[in-house]
Structure formats: C-alpha cells, structure tokens
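Chain by chain, the residues:
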Amino acid sequence: MGSRLAGRTAIVTGAAQGIGRRIAEELGTEGADVIVADIDAAAAADTADEFESSGITATAVECDVSSMADAERLVERTVEEFGSLDILVNNAGISRGERFQDITPEEWQQVMDVNLNGVYNCSVQAAPEMAEADGGRILNISSIAGQNISYEGPANYTASKWGVIGLTKHMAWDLAEYGIRVNALCPGGTLTPLIEELTTPEERSETREKIPLDRWAEPEDHADAALFLVSDRSSYITGTTLTVDGGLTLGIRHEV
Ligand code: NAD
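Structural notes, computed from the coordinates. These numbers were taken from a predicted model, which means no experiment stands behind them.

Each value, and the rule that gives it
Residues numbered from 1 in each chain as written. Predicted model: local features only at pLDDT ≥ 70, side-chain atom pairs only at ≥ 80, totals over all residues. Heavy atoms only, no water. Near = heavy atom within 4 Å. Polar contact = N/O pair within 3.5 Å; in protein donor to acceptor, adjacent residues only side chain to side chain. Areas by Shrake-Rupley, 256 points an atom, 1.4 Å probe, with all protein chains shown as cover. Helix = DSSP H or I, 4+ residues; strand = E, 2+ residues; numbered from the N terminus. Nonpolar A, V, L, I, M, F, W, Y, C, P; charged D, E, K, R; others polar. Axes fitted to C-alpha atoms, helices over the stretch in contact; angles between N-to-C directions. Left-handed = near helix turned anticlockwise from the far one by under 90°. Contact = heavy atoms within 4.5 Å. Core = buried A, V, L, I, M, F, W, Y, C linked by side-chain atoms within 4.5 Å. Buried < 20%, exposed > 50% of the residue type's maximum accessible area, 1.4 Å probe, protein only. Pairing = 2+ DSSP bridges. Right-handed = clockwise from strand over helix to strand, strands pointing away.

## Notes on the site of the ligand
The environment of the ligand is formed by 28 residues, the closest being Asp38, Asn91, Tyr157, Thr190 and Thr192. Within the contact set of the ligand, an oxygen atom lies 2.8 Å away from a backbone nitrogen or oxygen of Ile19. One nitrogen or oxygen atom from the side chain of Asp38 is found 2.6 Å from an oxygen atom belonging to the ligand. For the ligand, the protein covers 93% of the area, taking 830 Å² as the surface of the free molecule. Mapped onto the shell around the ligand, the elements with two or more residues apiece are α1 (18-29), α5 (155-175) and α6 (193-198). No other element matches α6, which puts 3 residues into the shell around the ligand. In terms of residue class, the shell around the ligand is built from 14 nonpolar, 11 polar and 3 charged.

## Description of the packing of helix α3 (residues 68-82) against helix α4 (residues 105-132)
It is at 8 Å that the axes of α3 and α4 come closest, and there the two elements cross at 35 degrees. Two packed elements cross with a definite hand, and for α3 against α4 that hand is right-handed. Contact with α3, carried on its side by Met68, Ala71, Glu72, Leu74, Val75 and Val79, involves Tyr120, Asn121, Cys122, Val124, Gln125, Ala126 and Glu129 of α4 and no other residues of that element. Each residue belonging to the contact of α3 with α4 can be placed in one class, and the counts come to 9 nonpolar, 2 polar and 2 charged.

## Things to note about the side chain of Thr168
On the secondary structure map, Thr168 appears in helix α5. A polar contact of 2.6 Å, which involves the side chain of Thr168, links it to the backbone oxygen of Val164. Not counting residues up to four positions away in its chain, the partners in contact with Thr168 are Asn140, Val182, Asn183, Ala184 and Thr240.

## Focus: the nonpolar core
Burial of nonpolar side chains together is a common tendency in soluble globular proteins. Ile23, Leu27, Val89 and Leu139 are the most contacted members of the largest nonpolar core, which has 29 residues in total. Only β1 (9-13), α1, β2 (33-38), α2 (41-53), β4 (87-90), β5 (136-141) and α8 (219-230) provide two or more residues apiece to this core. No other element matches the 6 residues that α8 contributes to this core. Look past the residues within four positions of Leu27 in its chain and what remains in contact with it is Leu5, Ala10, Val12, Ala32, Val34, Ile87, Val89, Leu227 and Val230. Listed in part, the 25 residues of the second largest apolar core include Leu85, Ile94, Met171 and Ala172.

## A look at the pairing of strand β6 (residues 180-187)
Within β6, 8 of the 8 residues are buried, which leaves the element mostly enclosed by the surrounding structure. Burial of β6 is two-sided: the residues Ile180, Val182, Ala184 and Cys186 facing one way and the residues Arg181, Asn183, Leu185 and Pro187 facing the other way are all buried. Note that β5 and β6 share 6 bridges and pair parallel. Within the sheet, the bridge partner assigned to Arg137 lies in β6 and is Arg181. At this point the chain moves from β5, through α5, to the parallel β6, and the crossover so formed is right-handed.

So this is what it looks like as structure tokens:
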C-alpha cells in the first residue's frame, strides 16, 4: 500500500468493472477512501467487498450518472460517510448503436445522457464541495474517439467523447479559481467487457497488429495515468488531455 492519496476521498463512477474498477483500486491502494459508484448495485457491492478484503476502505453506492438526483445523492452520501470529497473520476460510459445512419434517436440520447451529461451531473454536484474544501481534482475519462473517431463504436460515442474533452477544458477554466483541477484521460483500445461486447476476437487481433506498441491497453495502464492526474505530482496541470494508446493515434503500424 502507498500513501500518495492518504486522507483523501475519491468517487469513481462505473467502478464495478473494467477501467473504472482498476482506477478505483489504484487510488485505494494509494490510501484514498473509495466510493465505488455504479448503476449495477450488486456488482458495485462485490467490487467494494473485494477492495475491503485487500485493505482498501471502500463503499459501494448505486448511481445512474445520467440522473441528476442520483448524482446529488452520490455526493451527499460521500460527504456524510467520509467528511469530504477530494477526487472525482467520471469514468462511467456506454456504447449503443452501429453505423450513423442506423443509430436510433433513443440510442443517441442514451449515450449522450451517460457519457456526457453524466460527467456534467456528477461534476456540478461535486464542485461546490471541493470549492468549500479549497480544492479538488476531477478526471474525466474520454477516449481517443474524442480526438478523432471511434473505430469500434458509433458516431454518438465519438460525439460524446469530443464533448467530454470540451467540457473538461471549460470546467478547468471556470473552476481553477477554486483550486479544482480538471483533466481528461484518453484511453486507446482497452481489453474490458465493453470492448469484448463491441468486437470479435478476429477484429481484436487485427487492431492489435496496428498498434505501435503491439498490444491492447490493459486497465492498469490507465490506472497509472489516472493516479498521476489526481495526485499532487500533477499539481500544475489542468485542462489537459493525456492520451494512453500505445501510439495508435500516431498512425497505423506497417510491417517493415
Ligand atoms: P465497461 O463496460 O467494462 O464498464 C463500464 C462500467 O460503467 C460498468 O460497471 C457499468 O455498469 C457502468 N455504467 C454503465 N452505465 C452507467 C451509468 N449510467 N451510471 C453509472 N455506471 C454506469 O467499460 P470500460 O471499457 O471499462 O470503459 C470505462 C470508460 O472508459 C468509459 O467511459 C469508456 O467509454 C472509456 N473508454 C474505454 C475504452 C476501451 O477500449 N475499453 C477506450 C476508450 C475509452
């Protein structure tokens, strides 16, 4: 166990599995009290139990980030239980739909509600608590889809992830005076249940061959980057995006 986040309280949304779970574990291992917030209450409870059994202080909270009422309850519960809120990682995200011309209005709305409005809902509830405590850190999980397009997901996913980067920058500008730093992390393709749902093993193998570092990302690659962006090691960094993609956005790897 480390101590870089000792005494801090961190909410991670979508933390029951995948990238969010690994980020929450990393923050907890560095001493933060962790709120495992997820729409899947049973999975969140299991994750929090597993964290507790490895010595991390963790509480599961059922929360649909697309609901402002849930976001409000999430922040209230965190402050009630731990006395403060220092770190918010907006990680919850979904993908719905296929080609642009086939995306239904419902799919469009669902993805915007979770991926973009969810970041707004949780952040707007968290910021006043952080401001009162003289500062905080918000980390938004965008994607390399927010820098170009999604190769696995649809256009609504791409648009939502561009939105997250724009929102990150503007929040960083507006919240700097309260000592709140806001940054975005842009993962490249990462082996999680989300990607397993969206791709076949053959497609995953083809993608891997194009990645300069010759492998898919693992959730721990993002946990390391997230720890940096929410710790004091990045105390002069706000409004930026950190790309963690094995070089994929440099271009396609060619055999030589
Ligand atoms: P995942 O599907 O494995 O896990 C997502 C978690 O979010 C699940 O536990 C799910 O229950 C929860 N969730 C879904 N809707 C929610 C809601 N409305 N409220 C609260 N929780 C909700 O996904 P992942 O691959 O770990 O992705 C995590 C984040 O990283 C997402 O924002 C995703 O867009 C982003 N991302 C993933 C990849 C990738 O390749 N896996 C690449 C770039 C960005």
